[in-house]
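For reference, the chains in residue letters:
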Amino acid sequence: MQENPIGIFDSGVGGLTVANAIHQLLPGENLLYFGDTVHLPYGDKSRETIAGYSARITEYLLEQSCKAIVIACNTASANAYDEVVRTAAGKAHVIDVINPVVEFILQQTSYKHIGVIGTKGTINSGTYVSKIIAGNPHLNVSSLATPMLVPMIEEGFIFDDISNAIIRTYLSKPEISSIEALILGCTHYPIIRNQISKYYNFAVDVIDSSRIVASHLREILTEKNLLSPSSSGTCKFLVSDYTDYFQAISKLFFDESLKLEKVSLWN
Ligand code: DGL
């Protein structure tokens with residue numbers, strides 16, 4: 001059981017930022033990544049649709065004997081967490097990308113006003129705001145949907161005038177002004193973390209969930225005695241639709257060279 005893989009999924013390649021943090025922190029673990037590129041993006045789909053896709057991917061990861069499932073997508077974490085937990089009940093532990101970040105925020109004592117950015121599906125669900133407020137009603141949490149950031153990153157506009165203009169246009173909105181911390185509520189966004197920090201002249205804490213999620217996973221595996229005894233694990237990367245473009249762009253998200261393989265779950 002300890003050597004069984006950790007299943008990690010996202011709508012596409014963004015969740016590789018989480019897989020990368022897990023691989024760095026837990027190099028002995030075998031990882032099985034699934035990017036649902038045939039249905040990308042999840043950010044503007046309905047809750048029912050996202051829950052259906054997430055449940056199917058979870059079934060597949062369970063068939064591959066995954067000992068834990070990481071929902072490496074904020075949109076799926078916000079809209080399909082219960083569905084994934086139900087599907088995996090009694091078979092694998094489920095970790096999402098929102099709860100560990102909320103826990104982290106609630107431990108910080110210096111924040112009064114926190115901003116959250118993410119896809120429409122994540123922001124419109126209100127999940128971050130309601131969970132943070134439920135933990136500390138004195139915190140002020142403002143959220144903003146920033147839907148152009150995913151296509152911008154996927155198209156490779158990362159360190160240029162276009163990305164800087166889009167980032168500036170979103171972050172200068174009054175809704176998220178005067179914050180002490182900004183949660184990157186989308187697993188694509190760590191790719192532009194430095195530009196975002198720079199926009200704020202490094203005066204705002206930019207919170208990238210990938211490392212927080214990886215540490216949370218380590219705690220859970222340790223607690224359940226499920227940590228792999230190996231010192232070097234294997235990583236396998238599957239996608240529901242393969243293009244050379246996905247292969248090329250995936251290099252931005254994962255530090256080591258990787259090869260995407262196609263697997264069809266929807267026939
Ligand atoms: N990476 C996904 C997330 O964290 C967003 C991409 C999408 O819209 O599918 O929300």
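Report on the accompanying structure. These numbers come from a predicted model, not from an experiment. (Residues numbered from 1 in each chain as written. Predicted model: local features only at pLDDT ≥ 70, side-chain atom pairs only at ≥ 80, totals over all residues. Heavy atoms only, no water.)

## Details of the site of the ligand
We count it as follows: Residues are classed as near a molecule or strand on a simple rule: at least one heavy atom within 4 Å of it. Pairing of N or O atoms within 3.5 Å defines a polar contact, subject to two protein rules: one partner must be a possible hydrogen donor and the other a possible acceptor, and residues neighboring in sequence count only if both atoms are side-chain atoms. Every accessible area reported is derived by Shrake-Rupley at a probe size of 1.4 Å, with residue values counting cover from the shown protein chains alone. In this analysis a 1.4 Å probe is tested at points of a 1 Å grid over the protein atoms alone, and where it fits but cannot get out there is a cavity; an open set with protein on both sides within 12 Å along at least five of seven lines is a pocket; lining residues have an atom within 4 Å of a point. The way we define it, a molecule is inside a pocket or cavity when more than half of its atoms are within 2 Å of that pocket's grid points. Each residue is assigned to one class: nonpolar for Ala, Val, Leu, Ile, Met, Phe, Trp, Tyr, Cys and Pro, charged for Asp, Glu, Lys and Arg, and polar for all the others, Gly among them.
The ligand sits among 13 residues. The nearest are Ser11, Tyr42, Gly43, Asn74 and Thr75. Side-chain polar atom of Thr75 to an oxygen atom of the ligand: 2.6 Å apart, as the coordinates give it. Surface burial for the ligand is 99%, taken as the share of its 300 Å² of free accessible area covered by protein chains. The pocket occupied by the ligand, as judged from atoms lying within 2 Å of grid points, is the largest cavity. In the shell around the ligand, the residues fall into five nonpolar, seven polar and one charged.

## Focus: the nonpolar core
Applied cut-off: We call a set of buried Ala, Val, Leu, Ile, Met, Phe, Trp, Tyr and Cys residues a nonpolar core when their side-chain atoms join them within 4.5 Å. Burial classes: relative accessible area under 20% of the type maximum marks a residue as buried, over 50% as exposed, and values in between as partly exposed (1.4 Å probe, protein chains only).
Ranked by internal contacts, the top residues of the largest apolar core, which has 53 residues, are Ile117 and Ile196. With 24 residues, the next largest nonpolar core counts Leu62, Cys66, Ala76 and Leu265 among its residues.

## Brief notes about the side chain of Thr75
Selection rule: Numbering of helices and strands runs from the N terminus; a helix is a DSSP stretch of H or I covering at least four residues, while a strand is a stretch of E covering at least two. In what follows, a contact means two residues having at least one pair of non-hydrogen atoms within 4.5 Å.
With respect to the secondary-structure elements, Thr75 resides in helix α3 (residues 74–88). With near-sequence residues (within four places) excluded, Thr75 lies in contact with Tyr42, Gly43, Ile50, Thr119, Gly121 and Thr122.

## Description of the layout of surface pockets
Heads up, the rule is: Grid points are joined across faces, edges and corners, and a volume is the space filled by probe spheres set on the points.
There is about 370 Å³ of room inside the largest pocket. In terms of lining residues, the largest pocket is bounded by 18 residues, among which Thr17, Asn20, Pro190, Ile191 and Asp208 are the most central. Elements represented by at least two residues in the lining of the largest pocket include exactly α1 (16–25), α9 (193–199) and α10 (209–223). If you tally residues by element for the lining of the largest pocket, the top one is α1, at four residues. Taken together, the residues that form the lining of the largest pocket break down as eight nonpolar, six polar and four charged.

## Describing the sheet that holds strand β6 (residues 140–145)
Put simply, the rule is: Pairing between strands requires that DSSP locate at least two bridges from one strand to the other. Interaxial angle, 0 to 180 degrees, is taken between N-to-C directions of lines fitted to C-alpha atoms, where a helix line uses only the stretch in contact.
Read across the sheet, four strands follow the order β6-β5-β7-β8 without closing on themselves; strand pairing throughout is parallel. Sheet topology places β6 and β8 (205–208) at the edges, where each strand pairs with a single neighbour. Recorded for the sheet is a direction-independent mean angle of 20° between the axes of neighbouring strands. Strand direction decides the pairing type here: strand β5 (residues 113–118) and β6, joined by six bridges, are parallel. The residue bridging Gly115 from the neighbouring strand is Ser142, located in β6.

## Details of empty space enclosed by the protein
One pass over the structure, following the stated rule, counts one cavity of 30 Å³ or more. Taken together, 14 residues make up the lining of the largest cavity; nearest its centre are Ser11, Thr75, Thr119, Cys186 and His188. Class assignment of the residues belonging to the lining of the largest cavity gives a composition of six nonpolar, seven polar and one charged.

## Regarding the side chain of Thr187
Looking at where Thr187 falls in the secondary structure, it is placed in the loop between β7 (181–185) and α9. What makes Thr187 buried here is its relative accessible area of 3%. Here the side chain of Thr187 touches Ala72 through a polar contact of 3.0 Å, landing on its backbone oxygen. Residue contacts for Thr187: discarding those within four places in its chain leaves Asp10, Gly14, Gly15, Thr17, Val18, Ala72, Cys73, Asn74 and Val97.

## Considerations on the pairing of strand β1 (residues 6–10)
Put simply, the rule is: Think of it like this: strands point away, you trace from the first strand over the helix to the second, and a clockwise trace means the crossover is right-handed.
Most of β1 sits inside the fold, with five of its five residues counted as buried. Direction of pairing for β1 relative to strand β2 (residues 31–35): parallel, over a ladder of five bridges. Across the sheet, the residue bridging to Phe9 is Phe34, located in β2. Once the chain exits β1 it traverses α1 before rejoining the sheet at β2, and the crossover so formed is right-handed. Here four bridges tie β1 to strand β3 (residues 68–71), and the two strands are oriented parallel to one another. Looking at β3, one finds that Gly7 is bridged to Ile69.

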